[in-house]
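Here's the letter readout for the chains.
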Amino acid sequence: MSAATRTAVLWVPDWPVVAGLVAAGLDAHVPAAVLGAPSGGGTRAGRSVVATSAVARTAGVRRGMRRRQAQEACPELVLLDVDDERDARTFEPVATAAETVVAGLEIARPGLLLLPAGGAARYHGSERALAEALVSAVAAAGHECQVGLGDGLLAAVLAARDDAVVPPGGSAPALAGRPVGELVHAVCDPGVVAAVRDAVGLWRRLGLHTLGDLAALPPASVAARFGDLGTWAHRLARGEDDRPPARRRTEADLAVATELDPPALRVDVAAFAARRLAEELHALLAARGLACGRLRITARTEQGELERLWRTDTATGGLSAARITDRVRWQLEGWLTDAALRRTGTDGSPEVAPLTHLALAAEDVAPAGTHQPALWGPDAGGDTRARQVLDRVQGLLGPDAVLTVRRAGGRDPRSRVQLVPYGEEVAVARDPGLPWPGALPSPAPATLLPEPAAARLLDATGRDVVVDARLASSGDPATVRWDQGEDRAVVGWAGPWPLAERWWTPDGGTRRVHLQVVLDDGRGLLLAQTAGAWSVEAVYD
């Protein structure tokens, strides 16, 4: 077994909640929880809790609870949306405070810092003195943290969660009795969490319930059966570093840089340049078959040079261009919103020092592993290829040429859809979590037509069906004429539902009546009447 380096880990518990409270200007003692991103276009009500504060946990709120369950347990609970950019931006003052004690730190993820402990512990007199100095520095910046030390990454991370120091050579025994699921705490990239949890589930089914069980397996057998992810987990379970200290071949670090002319005063301007650099750096890594263990971000302003090092996960092939861009954007947000980087403008008001230079460097590079994809599902590579195609089309035609669908608030299906440029984080115009009185009942139609198609709704005598202001119908729907003049018999219908929006405006706003009909071919249509004329808005399965 190779020796592991002494690593110090600084951990701020419940950082997503802490960051959300800081951004909202709320007190740290408020019971709060962070709701995960909606899946499949779900509403806020259907989202689950991904992080809670200590006060909320005392009231019975737990991770994985649905929003309603959490609010039932703690009615005064403050709900916060998940926001990776916010978490990284507000974590920069913590990293800056820790850097006054130990130089050369790495950000594993917002809320978790990795620091070399050897020289710093000797300088401060002992490892416990180093831990106390880090806690004091971060406390001066306004946050509480825990520090742990151990041999290797996982032992140090778990020691930080226990606020403990694992003696040299004691990491393997300390880890042996821990559940194998605690490997997830050592993941640096949130995108790898799902893969680690899937592997943990498999190991449990195979009878490997503790880290000691996993560490007892032969390394060659683990590598052959579970690939790079298994090798990564096996090394951590044995109390070693997540990457071997010696490699078969040494690869030179790769770096890309650009001058910002004119200088960037806003994050979105700098992030646009960072995206091009990220794609260029990722292309260099891919062309050489490499993955990087660390990403160094360097920016230059009129006041000097800024630099930060981010840890990455090489177990699943390293960072994609999109994930590199995310980390750079988060870091730029932290720098450009830092009060220390503000200067006084000509009118005496504070303004941000502009960025004039941006550079990215892939460090600790090594040959990328051979990750065997699945036969089907997201891991089969289809999602990756689709993203590459979309990035290519967007690069050729412009960012607004490729649009994706975001769910928005509204009363009818057309207003509940918002098109945004692919890859952009755009706030929805209308919050889907708000109540929308008068909205059409569920379920929503499966297909929304790009443009409403003109149609005629006829009764049994062939006359047009019209719904008046009192919602009285001139007859029962019997036939729908649309789709190039084709007539279809109506076998069932529901409604009408009136919709009057912004009726107080000078133009009278929008007044419509919706009707649901089922045709003899099994299709369902959503019809809308405006000024006496019908149109087909959407189609139900």
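Enquirer: Looking at this structure, I do not really get the overall build of the chain. What am I missing?
Expert: Along the chain, the regular secondary structure elements total 14 helices and 21 strands. Residue burial in the chain is summarised as follows: out of 541 residues, 44% are buried. When the accessible area of the chain is evaluated, it comes to approximately 27,000 Å², of which 54% is carbon and sulfur surface.

Enquirer: Looking at this model, I keep getting lost on the pattern of salt bridges. Mind explaining?
Expert: Opposite charge on two side chains lets them pair, provided their charged atoms get close. Applying the stated criterion across every chain, the model contains 20 salt bridges. Between arginine 178 and aspartate 162 there is a salt bridge whose closest N-O contact spans 2.4 Å. Of this pair, arginine 178 sits in the loop between helix 8 (171-176) and helix 9 (193-205) while aspartate 162 sits in helix 7 (residues 153-162), placing them 16 residues apart in sequence. What makes aspartate 162 partly exposed here is its relative accessible area of 46%. Across the salt bridge formed by arginine 456 and aspartate 464, the nearest N and O atoms sit 3.1 Å from each other. Assessed through its relative accessible area of 36%, arginine 456 is described here as partly exposed.

Enquirer: Just checking my understanding: could you explain the packing of helix 4 (residues 84-99) against helix 13 (residues 321-336) for this structure?
Expert: Taken N-terminus to C-terminus, the directions of helix 4 and helix 13 make an angle of 45°; their axes are 8 Å apart at the nearest point. By the angle between their axes, helix 4 is oblique relative to helix 13. In this structure, helix 4 crosses over helix 13, and the sense of that crossing is right-handed. Across the interface between the two elements, Asp84, Glu85, Ala88, Arg89 and Glu92 of helix 4 pack against Arg329, Trp330, Gln331, Glu333, Gly334 and Trp335 of helix 13. Taken together, the residues that form the contact of helix 4 with helix 13 break down as three nonpolar, two polar and six charged.

Enquirer: Quick question: what am I supposed to make of a nonpolar patch on the surface here?
Expert: Taken together, the side chains of Leu403, Val405, Val417 and Leu419 present a nonpolar region at the surface, about 360 Å² in accessible area. Those elements that place two or more of their residues in the nonpolar patch are strand 14 (403-407) and strand 15 (417-421). Looking at where leucine 419 falls in the secondary structure, it is placed in strand 15. Exposure remark for leucine 419: the relative accessible area of 53% places this residue in the exposed category.

Enquirer: Whenever I open this one, the sheet that holds strand 2 (residues 32-35) confuses me. Can you help?
Expert: For sheets, the rule is that strands pair by backbone hydrogen bonds, running either parallel or antiparallel. The three strands lie next to each other as 3-2-4, forming an open sheet whose pairing is mixed. The sheet is open, and its two edges are formed by strand 3 (49-52) and strand 4 (78-81), each paired on a single side. Looking at each pair of strands side by side, their axes are set apart by 30° on average, direction ignored. Bridging between strand 2 and strand 3 involves three bridges; their strand directions are antiparallel. Pairing of leucine 35 across the sheet is with valine 49, part of strand 3. Along the sheet face, helix 1 (residues 15-24) touches strand 2, strand 3 and strand 4 and points at about 105° away from the line of strand 2.

Enquirer: Sorry if this is basic, but what is going on with helix 4 here?
Expert: Because each turn of an α-helix spans 3.6 residues, side chains separated by three or four positions end up pointing in the same direction. Across its 16 residues, helix 4 extends 22 Å between first and last C-alpha, which sits within 8% of the 22 Å expected from 1.5 Å per residue. The axis of helix 4 is deflected most strongly, by about 35°, at glutamate 92, and proline proline 93 appears within four residues downstream. Between a side-chain oxygen at the N-terminus of helix 4 and the backbone nitrogen of glutamate 85 the separation is 3.1 Å; the capping residue is aspartate 83.

Enquirer: What is the right way to look at the environment of valine 9 in this model?
Expert: With respect to the helices and strands, valine 9 occurs in strand 1 (residues 6-11). Taking C-alpha positions, valine 9 is 5.6 Å from leucine 113, a pair spaced 104 residues apart along the chain.

Enquirer: Sorry if this is basic, but what is going on with the packing of aromatic side chains here?
Expert: Given two aromatic rings, their pairing is described by the distance between the two centres and the angle made by the two planes. A complete count under the given rule lists three aromatic pairs for this structure. Seen in terms of ring centroids, tryptophan 15 and phenylalanine 91 are 5.2 Å apart; in terms of plane orientation they differ by 70°. Their pairing is edge-to-face. Taken together, the residues span a long stretch of sequence, with tryptophan 15 in helix 1 and phenylalanine 91 in helix 4 at a distance of 76 residues. What makes tryptophan 15 buried here is its relative accessible area of 2%.

Enquirer: I'm lost on the confidence of the model for the chain in this one. Help?
Expert: As a general rule, the predicted coordinates of low-pLDDT regions are not to be interpreted in detail. Here the chain shows a mean pLDDT of 79. Residues at 70 or above account for 82%. When the elements of the chain are averaged for pLDDT, strand 11 (residues 342-344) gives the smallest value, 51, and helix 6 (residues 127-140) the largest, 92. Residue range residues 39-44 is modelled with pLDDT below 50. Its contacts to residues more than four positions away, or to other chains, number nine contacts. This stretch, residues 370-374, has a pLDDT under 50; its non-local contacts, to residues over four places away or in other chains, come to seven contacts.

Enquirer: Looking at this model, I keep getting lost on the packing of helix 9 against helix 11 (residues 219-237). Mind explaining?
Expert: Packed helix pairs are characterised by how far apart their axes lie and by the angle those axes make with each other. Between helix 9 and helix 11, the shortest axis-to-axis distance is 11 Å and the interhelical angle comes to 100°. Judged by the angle between their axes, helix 9 and helix 11 are roughly perpendicular. Facing helix 9, whose interface residues are Ala195, Val196, Ala199, Leu202 and Trp203, helix 11 presents Arg225, Phe226, Leu229, Gly230, Trp232 and Ala233. Grouping the constituent residues of the contact of helix 9 with helix 11 by class yields nine nonpolar, one polar and one charged.

Enquirer: Just checking my understanding: could you explain the side chain of serine 535 for this structure?
Expert: As for its position among the elements, serine 535 is in strand 21 (residues 533-540). What serine 535 contacts, discounting residues up to four positions off in sequence, is Pro452, Ala453, Ala454, Ala455, Leu526, Leu527 and Ala528.

Rules of the game
Residues numbered from 1 in each chain as written. Predicted model: local features only at pLDDT ≥ 70, side-chain atom pairs only at ≥ 80, totals over all residues. Heavy atoms only, no water. Helix = DSSP H or I, 4+ residues; strand = E, 2+ residues; numbered from the N terminus. Buried < 20%, exposed > 50% of the residue type's maximum accessible area, 1.4 Å probe, protein only. Areas by Shrake-Rupley, 256 points an atom, 1.4 Å probe, with all protein chains shown as cover. Salt bridge = Lys/Arg side-chain N within 4 Å of Asp/Glu carboxyl O. Axes fitted to C-alpha atoms, helices over the stretch in contact; angles between N-to-C directions. Parallel < 35°, antiparallel > 145°, perpendicular 65-115°, else oblique. Left-handed = near helix turned anticlockwise from the far one by under 90°. Contact = heavy atoms within 4.5 Å. Nonpolar A, V, L, I, M, F, W, Y, C, P; charged D, E, K, R; others polar. Patch = residues over 30% accessible without salt bridge, like charges linked within 9 Å, V, L, I, M, F, W, Y side chains within 5 Å. Pairing = 2+ DSSP bridges. Expected span 1.5 Å × (residues − 1). Bend = angle between axes of the 7 residues up to and from the residue. Polar contact = N/O pair within 3.5 Å; in protein donor to acceptor, adjacent residues only side chain to side chain. Phe/Tyr/Trp six-rings, centres within 6.5 Å; stacked < 30°, edge-to-face > 60°. pLDDT = per-residue confidence, 0-100.

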